[in-house]
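If you want the building blocks of each chain, they are given just below.
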2 protein chains.
Amino acid sequence: MTKINSNYQKLQAGYLFPEIGKRVRAFAAANPAAKIIRLGIGDVVLPLPAPVLEAMHAAVDELGKPESFKGYGPEQGYDFLLQPISEHFKSQGADVAPDEIFVSDGSKCDTANIQEIFAVDNVIAVTDPVYPVYVDTNVMAGRTGEAANGRYGKLVYMPTTAENGFDPEIPKGPSPGSHVDLIYLCSPNNPTGAVMPRSSLEKWVAYAKATEAIILFDAAYEAFITEPGMVHSIYEIPGAREVAIEFHSLSKTAGFTGTRCAYTVVPKDLKARNDKGEQVAVHSLWNRRQTTKFNGVSYPIQKAAAAVFTPAGAKAIRENIEYYMENARIIREGLRAAGYTVYGGINAPYIWLKVPGNSTSWNFFDKLLNEAQVVGTPGSGFGSCGEGYFRLSAFGFRENVLEAVERIKSRVKP
Amino acid sequence: MTKINSNYQKLQAGYLFPEIGKRVRAFAAANPAAKIIRLGIGDVVLPLPAPVLEAMHAAVDELGKPESFKGYGPEQGYDFLLQPISEHFKSQGADVAPDEIFVSDGSKCDTANIQEIFAVDNVIAVTDPVYPVYVDTNVMAGRTGEAANGRYGKLVYMPTTAENGFDPEIPKGPSPGSHVDLIYLCSPNNPTGAVMPRSSLEKWVAYAKATEAIILFDAAYEAFITEPGMVHSIYEIPGAREVAIEFHSLSKTAGFTGTRCAYTVVPKDLKARNDKGEQVAVHSLWNRRQTTKFNGVSYPIQKAAAAVFTPAGAKAIRENIEYYMENARIIREGLRAAGYTVYGGINAPYIWLKVPGNSTSWNFFDKLLNEAQVVGTPGSGFGSCGEGYFRLSAFGFRENVLEAVERIKSRVKP
């Protein structure tokens, strides 16, 4: 008799985005003439720039000729992509070698799969609010208890709210219930838009080193940082190579949400313990995971990704990022002028606003949809500390962003 | 203190293809003038055909315009690909609906990931010899004991050799040590090249139904079947929708080893039990797994894949398959004429030959490399019942295949 992985049944049924879709569809059906503006799911809208398209076309041509056809490539990615990524890290003051980089088809996949190489009895720490994939994949793996009041048993939640400047506190020490093993941090943060200060990251690295914890650092939005002096890669922090894995994605950076390419860094200095207490290189575990369960990213996609790191590609990508960050400025300043309390939007493409009054995130969602036909994301969907907050994404066409802000200002007073 | 998944340390260190690579590199270094012909790793060589290239170019162009740009797609794949795949199944007499198909970036990934949705205490059955990914991913998940003499504890190995016509026997019954829960079958088989007879598959389906086992059916090579009446999809067998998951790949079928696209069928009729003994739809588990841990296949790659199912695409793909199967015929008949005992090569792109005398697979590997400069794959690399066998792949350019056969005939007498 085949038994299922019953941990799946602990997962909360109502996933955020399907519920949003359901409510939007219902509203659209009842109001067929309404022009709905979607600033909910963080999906890019600008087309891929010319240098990226040219590289992809050239690679497709290569696949059409016997002398340049490509079969299986290295699971970790081609050198023509690993080299420029490594150089990009070095230009940011992060020491990352090409053979410490693993190219993949998405940071969602990598942040989801990384937990496999660690034991089931590690204690997991996540911020609250949090990107749901970190939590759900640990539920599936059996690292949590049952769900109650929007939280899973055994998981350590670190509140990340306006009260602490959206900067999670370090667990108090190695006493039971406070020590953690695997720590998911995301900076710039989805959904709050906050960047973790260098001084905080230094404390996290010191904590991880002292307690042999590992930081899983999601830097998917680092390219959206506009303020100088902010940390783009955790490897800028001395000692981080011994305690951190870092995730990067071209999804938002280069408009690759439908094209699919990402990369993850596992430094060779990173160690964890086996069940005999011996130290083991985490790099070799992830390499074994990827070579056994993955076959590398499509050749033309890797060629397109490499074009992002050329001068022409980097310039084009930068222009797109600036377009989105101008959207972010328009949303942030427009809502602030209208009397809203807003966070984020300076170093991240997300605006995290405080829901006015004592209303809930979902009530504000309905109000915004009904009164302004603008779709956002209820903060409570990211965790119980997200209740009372609301996320707006800067990924949209300018005219829609301008109109959405005007509608909110005129129709949805705080 | 972070602990690793110590199951990884049970994995046998010497993976097959790295060891082959090492020996070939050593030979090449010692014999720089030698022309080595590689019929080892099953990697395609023919370029992608025109209809596939055209579809991919057109999709890349779409990504360059705001009105046709594509961001996140459905994790399960686009309808434009699911529909023709479903129709292809129906043309083969297999009832598979579009929403039972999950498009992915590889069958290696899917056959590796599928075990996640099942409990750790299921009993796993694999053939011997076997595609190593089925075994290794279950080792990683903790479903096996330690390795000894080339086999892992707790795994049920089903010998698949010339003695039983390469057709594995069904476990004797539900008594301890004989019943199995998850059964990996691969037909046409990698490495033996054998196709499971319809009558055997009927028995397997009946067994699975009677014992509530699930068959994980790898049909990656079904397009290489040349004999009429053979089973291309397990869903041709009545009742299979209630007991089987099926894996398909465009890697070999359409030359996509470097382009990456595959698909897996999870019928809605398939159920398994949770820890309370209740029946649960496996389709919803796999859907949850894919939507949480995967973000869909790159848009231009899905467009290229859809072109494989057009009349022009199918014709071009068929020509490539026939080219490889003519290679297979040349190898099979050439070696047979030279006095070798050979299997496979009629309905699969692999020739499985009996190593002459009492020599081992690795000794024959060295002999073939030294005396004919031909690289194959030692059968023992696929399991202990593969000892004494040797795999040659039909994926190569005709002139190399002809030369390899001539060299073996003239220099490596059985």
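Residues numbered from 1 in each chain as written. Chains lettered and ligands numbered in written order. Predicted model: local features only at pLDDT ≥ 70, side-chain atom pairs only at ≥ 80, totals over all residues. Heavy atoms only, no water.

A. Inspection of the overall build of chain A at higher detail. Looking only at helices and strands, one finds 12 helices and 17 strands in chain A. Computed over its C-alpha atoms, the radius of gyration of chain A comes to 22 Å, within 12% of the 22 Å expected for a compact globule of 414 residues. Residues classed as buried in chain A amount to 64% of the 414 residues present. A separation of at least 24 residues holds for 73% of the contacts in chain A among residues at least 6 apart in sequence. (Helix = DSSP H or I, 4+ residues; strand = E, 2+ residues; numbered from the N terminus. Rg over C-alpha atoms; globule rule 2.2 N^0.38 Å. Buried < 20%, exposed > 50% of the residue type's maximum accessible area, 1.4 Å probe, protein only. Contact = heavy atoms within 4.5 Å.)

B. Region of the structure containing empty space enclosed by the protein. By the definition in use, this model includes seven cavities of 30 Å³ or more. Computed from the structure, the largest cavity encloses a volume of approximately 160 Å³. Surrounding the largest cavity, 18 residues form its lining, Asn113(A), Asp105(B), Cys109(B), Asn113(B) and Phe294(B) being those nearest its centre. At the level of secondary structure, the elements contributing two or more residues to the lining of the largest cavity comprise α4 (107-113) and α8 (282-293) of chain A together with α4 (107-113) and α8 (282-293) of chain B. What the second largest cavity holds in volume is close to 100 Å³. Along the wall of the second largest cavity there are 14 residues; nearest its centre are Asp105(A), Val297(A), Ser298(A), Asp105(B) and Ser298(B). (1 Å grid on protein atoms, 1.4 Å probe; cavity = no way out; pocket = protein on both sides within 12 Å on 5 of 7 lines; lining within 4 Å. Points joined across faces, edges and corners; volume = space filled by probe spheres on them.)

C. Examining the nonpolar core more closely. Formed by 215 residues in total, the largest nonpolar core has its most connected members in Leu392(A) and Leu392(B). Leaving out residues up to four positions away in the same chain, Leu392(A) has contacts with Leu39(A), Ile331(A), Leu335(A), Pro349(A), Tyr350(A), Ile351(A), Leu353(A), Leu368(A), Val374(A), Val375(A), Gly376(A) and Ile408(A). Counting 65 residues, the second largest nonpolar core, distinct from the first, contains Ala272(A), Ile114(B), Ile124(B) and Leu182(B). (Core = buried A, V, L, I, M, F, W, Y, C linked by side-chain atoms within 4.5 Å.)

D. A look at the relation of the copies chain B and chain A. With an axial shift of 0.0 Å and an RMSD of 0.0 Å, the rotation relating chain B to chain A amounts to 180°. These values place the two chain copies in the arrangement generated by a two-fold rotation axis. Taking C-alpha positions as reference, the residue of chain B nearest the rotation axis is His57(B), located at 3.1 Å. When the interface residues of chain B are mapped onto chain A, 100% of them again fall at the interface, so both copies present the same face. (Least-squares fit on C-alpha atoms with pLDDT ≥ 70 in both.)

E. Expanded view of the domain arrangement of chain A. Residues and elements named next belong to chain A. Along its sequence, chain A is organised into domain 1 (6-47 + 313-411) and domain 2 (56-310). Surface buried jointly by domain 1 and domain 2 totals about 3,200 Å² across both partners, of which 61% is contributed by carbon and sulfur atoms. Broken down residue by residue, the surface that domain 1 buries against domain 2 is led by Lys 10, Asn 347 and Phe 382, which jointly contribute 21%. Counting across the domain 1 and domain 2 interface gives 19 residue pairs in polar contact (both at pLDDT 80 or more). Elements supplying a minimum of two residues to the side of domain 1 that touches domain 2: α10 (311-337), β13 (342-344), β14 (350-354) and β17 (389-393). Ranked by the residues each element gives to the side of domain 1 that touches domain 2, the list is headed by α10, at seven residues. Of the residues that constitute the side of domain 1 that touches domain 2, the class distribution is 19 nonpolar, 10 polar and four charged. (Domains from an automatic or database assignment. Buried area = accessible area lost by both parts, 1.4 Å probe. Polar contact = N/O pair within 3.5 Å; in protein donor to acceptor, adjacent residues only side chain to side chain. Nonpolar A, V, L, I, M, F, W, Y, C, P; charged D, E, K, R; others polar.)

F. Representation of the packing of aromatic side chains in the model. Following the criterion strictly, the structure yields 43 aromatic pairs over all chains and no others. Measuring from centroid to centroid gives 5.1 Å for Trp362(B) and Phe365(B), while their planes differ by 70°, and the two rings are edge-to-face. With a gap of three residues between them, Trp362(B) and Phe365(B) both fall in helix α11 (residues 361-372), about one helical turn apart. The residues Trp362(B) and Phe365(B) share a single accessibility class, namely buried. Among the aromatic residues, ring-to-ring pairing joins Tyr221(A), Phe224(A), Tyr323(A), Tyr324(A), Tyr350(A) and Phe395(A) into one connected group. The lysine or arginine in question, Lys303(A), covers the ring of Phe80(A), its NZ or CZ lying 4.2 Å from the ring centre. One Lys or Arg, Lys354(A), reaches over the ring of Tyr389(A) and ends 4.6 Å from the middle of that ring. (Phe/Tyr/Trp six-rings, centres within 6.5 Å; stacked < 30°, edge-to-face > 60°. Lys NZ or Arg CZ within 6 Å of the ring centre and 35° of its normal.)

G. Fine view of the sheet that holds strand β3 (residues 124-128) of chain A. Residue and element names in this part refer to chain A. Spatially, the seven strands line up as an open sheet ordered β2-β10-β9-β8-β7-β3-β6, and their pairing is mixed. Each edge of the open sheet carries a strand with a single partner, namely β2 (101-104) and β6 (156-159). Put simply, the sheet's adjacent strands are angled 20° from each other on average, direction ignored. Where strand β7 (residues 182-186) meets strand β8 (residues 214-218), five bridges bridge the pair, whose relative direction is parallel. (Pairing = 2+ DSSP bridges. Axes fitted to C-alpha atoms, helices over the stretch in contact; angles between N-to-C directions.)

H. Representation of the packing of helix α11 (residues 361-372) of chain A against helix α12 (residues 398-411) of chain A. All names here are of chain A. Put simply, α11 and α12 touch, their axes get as near as 10 Å, and they point 100° apart. Classified by the angle their axes make, α11 and α12 are roughly perpendicular. Listed contacts from α12 to Leu 368, Glu 371 and Ala 372 of α11 are Arg 407, Ile 408 and Arg 411. A breakdown of the residues in the contact of α11 with α12 according to their chemical character gives three nonpolar, no polar and three charged. (Parallel < 35°, antiparallel > 145°, perpendicular 65-115°, else oblique.)

I. Spatial organisation of the interface of chain B and chain A. Opposite the 82 residues of chain B that make contact, chain A presents 82 residues. The contact between chain B and chain A buries some 6,800 Å² in all, and 56% of this surface belongs to carbon and sulfur atoms. Remark: the boundary between chain B and chain A carries six salt bridges. Between Lys108(B) and Glu75(A) there is a salt bridge, and its shortest N-O distance comes to 3.1 Å. Of all the secondary-structure elements, those providing two or more residues to the side of chain B that touches chain A are α2 (50-63), α4, α5 (132-140), α7 (250-253), β11 (271-273), α8 and α9 (299-308) of chain B. (Salt bridge = Lys/Arg side-chain N within 4 Å of Asp/Glu carboxyl O.)

J. Here's a closer look at unusual backbone geometry. Residues and elements named next belong to chain A. Look at the link from Asn 190 to Pro 191: it is a cis peptide, with omega at 20°. By secondary structure assignment, the location of Pro 191 is in the loop between β7 and α6 (198-211). For Asn 149, which is not glycine, the phi dihedral falls at a positive 55°. Of note, Asn 149 is situated in the loop between β4 (147-148) and β5 (151-152). Among the residues examined, Asn 149 registers a relative accessible area of 77% and is labelled exposed. One non-glycine residue, Arg 260, lies in positive phi territory at about 75°. For Arg 260, the position within the fold is in the loop between α7 (250-253) and β10 (262-265). Classification of Arg 260 by relative accessible area gives buried; the value is 3%.

K. View of the environment of Lys108(B). Here Lys108(B) shows up in helix α4. What makes Lys108(B) buried here is its relative accessible area of 9%. Distance in space between the C-alpha atoms of Lys108(B) and Gln302(B) is 17 Å, their sequence separation being 194 residues. In this structure, Lys108(B) is in contact with Glu75(A), Thr291(A), Thr292(A), Lys293(A), Phe294(A), Asn295(A), Tyr131(B) and Val133(B), ignoring residues within four places of it in sequence.

L. View of the pattern of salt bridges. In the structure shown here, the tally under the stated rule is 43 salt bridges over all chains. Taken together, the shared-partner salt bridges in this structure form one network comprising Glu19(A), Lys22(A), Arg23(A) and Asp366(A).

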